[in-house]
Amino acid sequence: MPYSHLHTTTNFTFLTGASHPQELVLRAIELGYEALAITDECSLAGIVKAYTVIKRLPPEQQNRFKLLIGSRFRLANGLHLIALAPDRKAYAELSGFITLARRRADKGSYEAHMEDLRFRLQTCLLIWLAEPNFTGAYGNAHLLKRAFKERLWIGIDHQLVGGEQHNFIPWHKLGQALDIPLVACGEALMHVRTRKPLQDVLTGIRENTPISELGTRLRSNAEAYLKPLPDLQRLYPPTLLQQTHRIAERCQPFMHELRYQYPRELVPAGLTSIEYLRQLVEKGKQNRYPEGAPEPLDQLLQKELLLIEEEKYEYFFLTVYDIVQYARRNNILCQGRGSAANSAVCYCLGITEIRPGLINVLFERFISKERKEPPDIDVDFEHQRREEVIQYIYEKYGRERAALAATVITYRTRSAIRDVGKALGLDSGLLDHFAKSHAWWDSSNDLQQRISATGLDMQSKLLRQFFHLVNEIKGFPRHLSQHVGGFVIAQERVSDLVPLENASMPGRTIIQWDKEDLETMELLKVDVLALGMLTALKKMLDYVGRYDNCIKHIDDIPPEDPATYEMLCQADSVGVFQVESRAQMSMLPRLRPRKFYDLVIEIAIVRPGPVQGDMVHPYLRRRNGLETISYYSEEIRSVLEPTLGIPIFQEQAIRLAMVAAGFSGGEADELRRAMASWGKNGNLLQFEQHFINGMLERNYPLEFAQRLFEQLKGFGGYGFPESHSASFALLCYASSWFKCHHPAAFYCALLNSQPMGFYSPSQLVQDARRHNITVLPVDINASEYENTLENHDDRLGIRLGFCQIKSLDEKKPKPLQSGARTSHLYPWRIWRNGQS
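Every value quoted in this text rests on a predicted model; they were computed, and no experiment measured them.

Trainee: What should I look at first to understand empty space enclosed by the protein in this one?
Mentor: Take a probe with the size of a water molecule and roll it over the atoms, and the empty space left behind shows itself. Scanning the model with the defined rule gives 2 cavities of 30 Å³ or more in all. Size it by volume and the largest cavity reaches roughly 60 Å³. Forming the walls of the largest cavity are Y3, H5, H158, G186, E187, Y225, K227, L232, L235 and Y236. In terms of residue class, the lining of the largest cavity is made up of 5 nonpolar, 3 polar and 2 charged. The computed volume of the second largest cavity comes to approximately 40 Å³.

Pasting the structure below:
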């Protein structure tokens, strides 16, 4: 008998479901289910994870198994319901309904009413979940029947708890009386019943109570799991199981239809989107190359524009261009980075500043037909003015058409230790010690050793269970948070694609999907990010421009200045972007950068990834001529020659997997994602055998293959992409040049851009004085609110401003009545009157 499971709670109903969506889908397929409905509470956050599994199935298996999309609600009047979307139109209704319920309430909660249900869900299927309390059931049944007619069922959930048979009788009679069919609708919180201890722990964390004190708040048994078909046939009458099949028959696959258009109002009347984009690129090319662009650039532009047109990404580029142009019009410094850094189109549009050909990133890493992945453009703005850009987006497109992406906060080892231990009732001081002593790169064995070192018996049942549960909960989602700046902007309502909810920050709305979900669904986002160094550089340009007309823009900074590189070789880099840490300072005299690409390497090499992968010392030995530069093959040479045979950039690791281990483009992309989330879910290790076997098949030595994969694991810890490093190197060079040639403006700008960087204002002032910059104290007659440049003994010095004094506010006071005292608002007024 075909069976569809219609009531599934994943771990995206946070701290309730005890299985990942992927685990539930795979288990349903294994059990021979016809379909599985993901029905998290007032949420669609987990459906893309489930859909990812379906996409990877062989075509014949995809045709045999259905993923149903739904959500569960507890209405304000107490009714417990499941809404299922049978098609794309119903999905938009469901997503909009969830958005309405979530937007009414604070983050993490929702408020839904019967009226919303009746008027919003015009095509969704509804399952009214039967509960022990039968009071008022007939009145609610009449109301639901009138609203939903043949789209209504009563869901029966048998979990083998006392009184179920007795409770079934009145619901059965109600269904017969009003012609409402009953359907088997057992809730599944787990894909297998062995997850019950973890589900108990999640309940303890949610209730902020040790498990031993939860009492009836715990599930009385482990029956809330996906059961084999014979067990279901013993639990439910055949007619109830048949109704699951009828519901599934009414539902059609539609996830592949979830597409949206970027705003079209950006294109002037009379032009197509690609015509307008070509016009803007041509205009930008003339600005970038006033004496004429080189022929290879024209060829590259045509290649990129053809691919953009073929993949229908024109509106995406135009949307990013519009945001960047707003910043330029309002004198807000910005710069694009990411894989867009080697795009000639982005360079001509003024989105990025990396000249095409300057680094070794291919445009195919940005847009690729084979990879079928949307482009990624990160744009950094001055951190003190990014809010202006965000408000511009909201004002231009409205809250219905623009929203921030979510970030799924997941359990890692430290948080798992604390929360699981607290739920099990372990000593808080002991848990704090375990958590603080555990680093992200430590293995599970390291945790066991630390526990044993305290003298505790690792063979005790409680500690063995604690250790098992910590490993089991790692990677589980904890809650949704706001992405640092990833905007989804649509032609129509965003809520037709994905539900929106309130973020913790006032005035912010986020969608329920994260970056990985957007990539899976091939939906585009624009990253509007904040960068403190851009604020500082803007101030440096303003200060220097007042006395040197030659320096008005970053483009005016002379390239490849020997004095600037000499300063960096001396490790004189306090306050310089990306190379100001102690680790970078110790690397600068050893690497001795003399050209721009050296800075690109410098920024990328001092990272946990290259350090963990043992790449730093071999690179330095080769750079200094102490070690022979060798390559196992010409294929590896083509990837590693710019970095002397040592993989330093994340892109190199991906290319090595393709040329040395035979990974396909799709497999390489999966590897990239696993590397990006290594430490979060541990997926990288599943590629180890495939990688090593692929290298052995191509006659590489086993020791070399194993060493190369260890280096890849290092990148998974934290590897820096070459595209990001190159964009940051531009800002590194610019800030270094200002420190070398205009030190007073450099320090003054840094002081006025706080908080940022590694150093406090006091440390920056001390470093300025070490560079013979006169730093004058706050003076009631000379200081402004911000720090200012001031001539002192025919040299520029810095006059500290009132911002350096704690508890003084820049804000103006409200108008007061005549005669009112204002000294509490402007303390310096008293000083100026000589009364202090």
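Trainee: Even after reading the chapter, I still don't get the nonpolar core, so can you show me in this structure?
Mentor: Buried together is how nonpolar side chains tend to be arranged in soluble globular proteins. L117, W128, L144, F317, I511 and W513 are the most contacted members of the largest nonpolar core, which totals 137 residues. With 10 residues, helix α13 (residues 314–329) is the single largest residue contributor to this core. Look past the residues within four positions of L144 in its chain and what remains in contact with it is L79, L81, M114, L117, L126, W128, K149 and L152. By size, the runner-up hydrophobic cluster in this structure holds 69 residues, among which are V576, F577, L644 and L800.

Trainee: Which parts of the structure should I look at to understand the confidence of the model for the protein?
Mentor: Reading fine detail from the predicted coordinates is not recommended where pLDDT is low. Per-residue pLDDT for the protein has a mean of 88; in total, 91% of the residues score no lower than 70. Predicted confidence is poor over residues 819–836, with pLDDT under 50, and the contacts of this stretch with residues over four places away or in other chains come to 22 contacts.

Trainee: When you look at the pairing of strand β17 (residues 795–799) in this model, what are you seeing that I'm missing?
Mentor: Working note: regular strand, side chains alternate between the two faces of the sheet. Where strand β15 (residues 775–776) lies against β17, 2 bridges are found, and the strand directions are parallel. Bridge assignment links V775 to a residue of β17, and that residue is I798. One ladder, built from 5 bridges, connects strand β16 (residues 788–792) with β17; its direction is antiparallel. Opposite L789, over in β17, you have I798 as the bridge partner. Count of turn residues in the β16/β17 antiparallel hairpin: 2 residues, of which D793 carries a positive phi of about 55°.

Trainee: Looking at this structure, I do not really get the sheet that holds strand β1 (residues 4–8). What am I missing?
Mentor: Sheets are built from strands that pair by backbone hydrogen bonding, the pairs being arranged parallel or antiparallel. Taken together, the 7 strands give an open sheet; going across it, the order is β1-β2-β3-β4-β5-β6-β7, and neighbouring strands pair in mixed fashion. Each having just a single partner strand, β1 and β7 (182–184) make up the two edges of the open sheet. Adjacent strand axes in the sheet meet at a mean angle of 30° when their direction is disregarded. Where helix α4 (residues 88–103) meets the sheet, it contacts β3 (66–74) and β4 (80–85), and its direction lies at approximately 30° from that of β3. Strands β5 (125–129), β6 (152–156) and β7 of the sheet are contacted by helix α7 (residues 164–178), whose axis makes an angle of about 165° with β6.

Trainee: Can you walk me through the side chain of R799 in this structure?
Mentor: Take R799: it is sitting in strand β17. Ignoring any residue separated from it by four or fewer positions in sequence, one finds R799 in contact with L776, P777, D779, A782, S783, N787, T788 and E790.

Trainee: What's the story with the state of the cysteines in this structure? I'm lost.
Mentor: As used in these notes, a disulfide is a covalent bond between sulfur atoms, one from each of two cysteines. Tallied over the entire structure, the rule returns 0 disulfides. For the unlinked cysteine C185, the closest cysteine sulfur is that of C251, found at 12 Å. C124 supplies the cysteine sulfur nearest to C251, a cysteine that is in no disulfide, at a spacing of 9.4 Å. Given a relative accessible area of 2%, C251 falls into the buried group.

Trainee: I keep staring at the packing of aromatic side chains and nothing clicks. Help me out?
Mentor: Geometrically, a pair of aromatic rings is defined through the distance of the ring centres and the angle of the planes. In this structure the tally under the stated criterion is 23 aromatic pairs. Here the aromatic rings of F73 and Y110 are separated by 6.5 Å at their centres, their planes lie at 75°, and the arrangement is edge-to-face. A residue pair is termed long-range when its members are at least 10 positions apart, and F73 in strand β3 and Y110 in the loop between α4 and α5 (114–120) qualify at 37 residues. For the residue pair F73 and Y110, the accessibility class agrees, reading buried in each case. Taking 6.1 Å as the distance between ring centres and 65° as the angle between the ring planes, the aromatic pair formed by F663 and F691 counts as edge-to-face. Note that F663 is positioned in the loop between α28 (650–661) and α29 (665–676) and F691 in helix α30 (residues 688–697), a separation of 28 residues in sequence. Of the two residues examined, F663 and F691, each falls in the buried class. One aromatic cluster is present, built from ring pairs that chain together W128, F134, Y138 and W171. When the ring centre of Y347 is taken as origin, the NZ or CZ atom of R288, which lies over that ring, is 4.1 Å away.

Trainee: What's the story with the sheet that holds β17 in this structure? I'm lost.
Mentor: Spatially, β15-β17-β16 is the arrangement adopted by the 3 strands of the open sheet, whose pairing is mixed. Whereas interior strands pair on both sides, the edge strands pair on one side only; in this sheet they are β15 and β16. Against the sheet, helix α33 (residues 743–751) contacts β16 and β17, and its axis sits at roughly 15° relative to β17.

Trainee: Help me understand the packing of helix α23 (residues 582–591) against helix α26 (residues 616–623), please; the structure alone is not making it clear to me.
Mentor: Two quantities define a packed helix pair, namely the angle between the axes and the distance from one axis to the other. Where α23 contacts α26, the axes come no closer than 11 Å and their chain directions differ by 25°. Between α23 and α26, the interaxial angle falls into the category roughly parallel. Of the residues in α26, those touching α23 at M587, R590 and L591 are V616, H617, Y619, L620 and R623. Of the residues contributing to the contact of α23 with α26, the split by class is 5 nonpolar, 1 polar and 2 charged.

Trainee: Could you clarify how one ought to interpret the packing of helix α6 (residues 137–148) against α7 in this entry?
Mentor: Where α6 meets α7, the closest approach of the two axes is 11 Å, and the angle between their N-to-C directions is 40°. Taken together, the axes of α6 and α7 are oblique relative to one another. Crossing handedness for the pair α6 and α7: right-handed. On the side of α6, the interface is formed by A137, Y138, A141, H142 and K145, while α7 contributes W171, K173, L174, A177 and L178.

Trainee: So what exactly am I meant to see when it comes to unusual backbone geometry here?
Mentor: That bond from Q754 to P755 is cis: its omega, 0°, falls within 30 degrees of zero. Structurally, P755 can be placed in the loop between α33 and α34 (761–770). A positive phi is found at L15, a non-glycine position, where the angle reads about 60°. Relative accessible area serves as the criterion here: at 8%, L15 is assigned to the buried category. With a phi angle near 60°, K312 is a residue other than glycine that sits in the positive phi range.

Conventions we followed
Residues numbered from 1 in each chain as written. Predicted model: local features only at pLDDT ≥ 70, side-chain atom pairs only at ≥ 80, totals over all residues. Heavy atoms only, no water. 1 Å grid on protein atoms, 1.4 Å probe; cavity = no way out; pocket = protein on both sides within 12 Å on 5 of 7 lines; lining within 4 Å. Points joined across faces, edges and corners; volume = space filled by probe spheres on them. Nonpolar A, V, L, I, M, F, W, Y, C, P; charged D, E, K, R; others polar. Core = buried A, V, L, I, M, F, W, Y, C linked by side-chain atoms within 4.5 Å. Buried < 20%, exposed > 50% of the residue type's maximum accessible area, 1.4 Å probe, protein only. Helix = DSSP H or I, 4+ residues; strand = E, 2+ residues; numbered from the N terminus. Contact = heavy atoms within 4.5 Å. pLDDT = per-residue confidence, 0-100. Pairing = 2+ DSSP bridges. Axes fitted to C-alpha atoms, helices over the stretch in contact; angles between N-to-C directions. Disulfide = S-S within 2.5 Å. Phe/Tyr/Trp six-rings, centres within 6.5 Å; stacked < 30°, edge-to-face > 60°. Lys NZ or Arg CZ within 6 Å of the ring centre and 35° of its normal. Parallel < 35°, antiparallel > 145°, perpendicular 65-115°, else oblique. Left-handed = near helix turned anticlockwise from the far one by under 90°.

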